[in-house]
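Summary of structural features
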Amino acid sequence: MQYDRLEPHSEEAEENLLASVLGNPGQAHRALATLDEGDFYQLANRKIYRAIKDITESGKDPDYINVKDWLKVRQIEDHGALDKYDEMFGLADIIESSAMMIKEKSSLRKLIRLGDKISNDCFTGSRDAEEIIEEQQTELCSISLDHTQKTKKNLVLTPEEYSANAINR
């Protein structure tokens, strides 16, 4: 089905999250625990987030300079989006809430697409109901697991919180 409306997304949450991570690179793990690259609605934001993830996984801080270099080396165009985030002031305190909102919108988009696929499968009549149910049930479970596992509170602890927990034990 085709709708004359945008899929659920929050430009503000994406912008706030990226500006906050770039301004507080030591807190990137809070976003990485919740989000995947595909959770971002804006293509330029996906590219920047992929850079943040790769840089963090390589053991470096995903700050503005490292992200800019990562994009340049790989000849990935962000159409000036990264420069916008360098000028914004992001607070580490909003990383988790922004990540939760982005994940919520992403899950809703996935559900919309799944609903469209179910509808199309039913209208074409190329497969029987049992096949459609089994296939889409698997996809729905996948969406559900991704959403619930990554949006539960207290899944991510800072190194300081891990240390405090270890000392307390």
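Quick note: structure is the one above.
Source: prediction; values computed, not measured.

1. Focus: the side chain of K47
Checked against the element boundaries, K47 lands in helix α3 (residues 43-57). Here K47 occupies a buried position and makes no salt bridge, while the nearest side chain of opposite charge, E77, is found at 7.4 Å. Among the polar contacts made by the side chain of K47, one reaches the main-chain carbonyl oxygen of E77 at a distance of 2.9 Å.

2. Section: the packing of aromatic side chains
If you walk through the whole model with that rule in mind, you get one aromatic pair. Plain terms: the ring middles of F40 and Y49 are 4.7 Å apart, the flat faces sit at 40° to each other, and that makes the pair tilted.

3. What about the packing of α3 against helix α4 (residues 64-73)?
Closest axis-to-axis distance for the α3/α4 pair is 9 Å, and the angle between their directions is 110°. It follows from the interaxial angle that α3 and α4 lie roughly perpendicular. Contacts from K47, I48, R50, A51, I52, D54 and I55 of α3 reach α4 at N66, V67, W70 and L71. Class assignment for the residues of the contact of α3 with α4 results in seven nonpolar, one polar and three charged.

4. Focus on the environment of R30
In this fold, R30 is placed in helix α2 (residues 28-32). Spatially, the C-alpha atoms of R30 and E96 are 6.2 Å apart, while their sequence positions differ by 66 residues. A distance of 2.4 Å separates polar atoms of two side chains, one belonging to R30 and the other to E96.

5. Remarks on the nonpolar core
By size, the foremost hydrophobic cluster in this structure holds 26 residues, and its most contacted members are L17, L18, I48, I52, V67 and L71. Mapped onto this core, the elements with two or more residues apiece are α1 (11-23), α2, α3, α4, α5 (81-87) and α6 (95-124). Ignoring anything within four residues of it in the chain, the contact list for L18 reads F40, N45, I48, Y49, I52 and Y85.

6. Description of the pattern of salt bridges
Taken as a whole and judged by the stated rule, the model has 16 salt bridges. Between R113 and E7 there is a salt bridge; the shortest N-O distance is 2.8 Å. Linking R113 in helix α6 with E7 in the segment before α1, this pair joins segments that are 106 residues apart in sequence. For R113, a relative accessible area of 44% puts it in the partly exposed group. Taking the relative accessible area as the measure of exposure, E7 reaches 24% and is therefore partly exposed. Note that K103 and D146 form a salt bridge whose closest N and O atoms lie 2.8 Å from each other. In this pair, K103 sits in helix α6 while D146 sits in helix α7 (residues 129-151), placing the two residues 43 residues apart along the sequence. Overall, K103 belongs to the buried group, its relative accessible area being 0%.

Reading guide: rules and limits
Residues numbered from 1 in each chain as written. Predicted model: local features only at pLDDT ≥ 70, side-chain atom pairs only at ≥ 80, totals over all residues. Heavy atoms only, no water. Helix = DSSP H or I, 4+ residues; strand = E, 2+ residues; numbered from the N terminus. Buried < 20%, exposed > 50% of the residue type's maximum accessible area, 1.4 Å probe, protein only. Lys, Arg positive; Asp, Glu negative; His and termini not counted. Salt bridge = Lys/Arg side-chain N within 4 Å of Asp/Glu carboxyl O. Polar contact = N/O pair within 3.5 Å; in protein donor to acceptor, adjacent residues only side chain to side chain. Phe/Tyr/Trp six-rings, centres within 6.5 Å; stacked < 30°, edge-to-face > 60°. Axes fitted to C-alpha atoms, helices over the stretch in contact; angles between N-to-C directions. Parallel < 35°, antiparallel > 145°, perpendicular 65-115°, else oblique. Contact = heavy atoms within 4.5 Å. Nonpolar A, V, L, I, M, F, W, Y, C, P; charged D, E, K, R; others polar. Core = buried A, V, L, I, M, F, W, Y, C linked by side-chain atoms within 4.5 Å.

So far we have only geometry, and geometry alone does not tell us how the molecule works.
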